[in-house]
Amino acid sequence: MKLKLFNLALLAGGFLCSTPLWAAPSTPEMLSNTCSACHGQFGQAVGPNIPTLAGQPASYIEDSMKKFKSGERPSTVMGRVAKAYTDDEFKAMDKFFSEKKFIRHKQKTDRAKVATGKKLHEQNCRKCHQDGGRDSEDGGILAGQWMEYLQISVNEFQSKKRPMPKKMAEKFEGLSMDDLDALTHYYASQR
C-alpha cells in the first residue's frame, strides 16, 4: 500500500512539474488582452488620455514598450506592465496591434487652431509625420489620436520628462505653447 501511495505521489509530482510543457504558448491575442482594459479592444482606445495602439507601426510600439520597461519613458502604469513581458512577447503584441485598423474618434476642436496647426505641421513636422500625421517614419500615428493624450505627450516633451529624437527636439524648441496647442488641435481633428 505504501509503495502504491509513493508511486501515485511520484506520478502526481511528475504531472505538476511538467504542466508548463503541456501549456500552449501565449498567442498575440492572449497577450494583448492585458492592454484592452485601457487601450480598448484590439487597441482602439476609448478614453481621451490613452493612445490608440491599433494601426501603429510595430517598431514604434516595441520601442515604446522597451522604454517603459527601462524607465526611459515616464508612465504611471505602463512601466509596471511592461516589466512583465519579454522582448519576444513585445514583438508578438506589436505585430498584433499594428495589423489592426486605426479608428479616429470625432473630437471637438477649434477651427482657427486647426488651420494654424496645419501650417505648423507643414513647416515643422511633415517630413517625419507624413500625410497629416497619419504615417510616420519612426514615430507613432498622430492624426486622430485623442487630443488629451497628445497634450499629455507635449507636456512630457516640454518638461523633458520624455526624451525625444534629436531632429524632433530641434523643431520642437522653436514652437511656442500656442503653436503646440494648435498642433494638437490639428492632429486631433484628422478623420
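Residues numbered from 1 in each chain as written. Predicted model: local features only at pLDDT ≥ 70, side-chain atom pairs only at ≥ 80, totals over all residues. Heavy atoms only, no water.

Time to look at unusual backbone geometry. In most cases, non-glycine residues show a negative phi, while peptide bonds are predominantly trans. You will see that D131, though not glycine, has its phi angle at about 50°, which is positive. Within the secondary structure layout, D131 lies in helix α7 (residues 130–133). One non-glycine residue, K160, lies in positive phi territory at about 65°. Secondary-structure assignment places K160 in the loop between α8 (147–158) and α9 (166–173). (Helix = DSSP H or I, 4+ residues; strand = E, 2+ residues; numbered from the N terminus.)

Once that is clear, we can look at the packing of α8 against helix α10 (residues 177–189). At a minimum axis separation of 9 Å, α8 and α10 run at an interaxial angle of 145°. In this structure, the crossing between α8 and α10 has a hand that is right-handed. For the pair α8 and α10, the contacting residues are M147, L150, Q151, V154, N155 and Q158 in the first and M177, L180, D181, T184, H185, Y187 and A188 in the second. Taken together, the residues of the contact of α8 with α10 break down into seven nonpolar, five polar and one charged. (Axes fitted to C-alpha atoms, helices over the stretch in contact; angles between N-to-C directions. Left-handed = near helix turned anticlockwise from the far one by under 90°. Contact = heavy atoms within 4.5 Å. Nonpolar A, V, L, I, M, F, W, Y, C, P; charged D, E, K, R; others polar.)

Let's shift gears to the packing of aromatic side chains. Inspection of the entire model under this criterion finds five aromatic pairs. With centroids separated by 6.2 Å and ring planes inclined at 45°, the aromatic side chains of F42 and F96 adopt a geometry described as tilted. Pair noted here: F42 is in the loop between α2 (28–39) and α3 (58–70) and F96 is in helix α5 (residues 87–98), with a separation of 54 residues, a long-range link. Between the aromatic rings of F157 and F172, the centroid separation amounts to 6.0 Å while the plane-to-plane angle is 70°, which identifies the pairing as edge-to-face. Taken together, the positions of F157 in helix α8 and F172 in helix α9 put the pair 15 residues apart, joining distant regions of the chain. Judged by relative accessible area, F157 falls into the buried class, the value being 10%. (Phe/Tyr/Trp six-rings, centres within 6.5 Å; stacked < 30°, edge-to-face > 60°. Buried < 20%, exposed > 50% of the residue type's maximum accessible area, 1.4 Å probe, protein only.)

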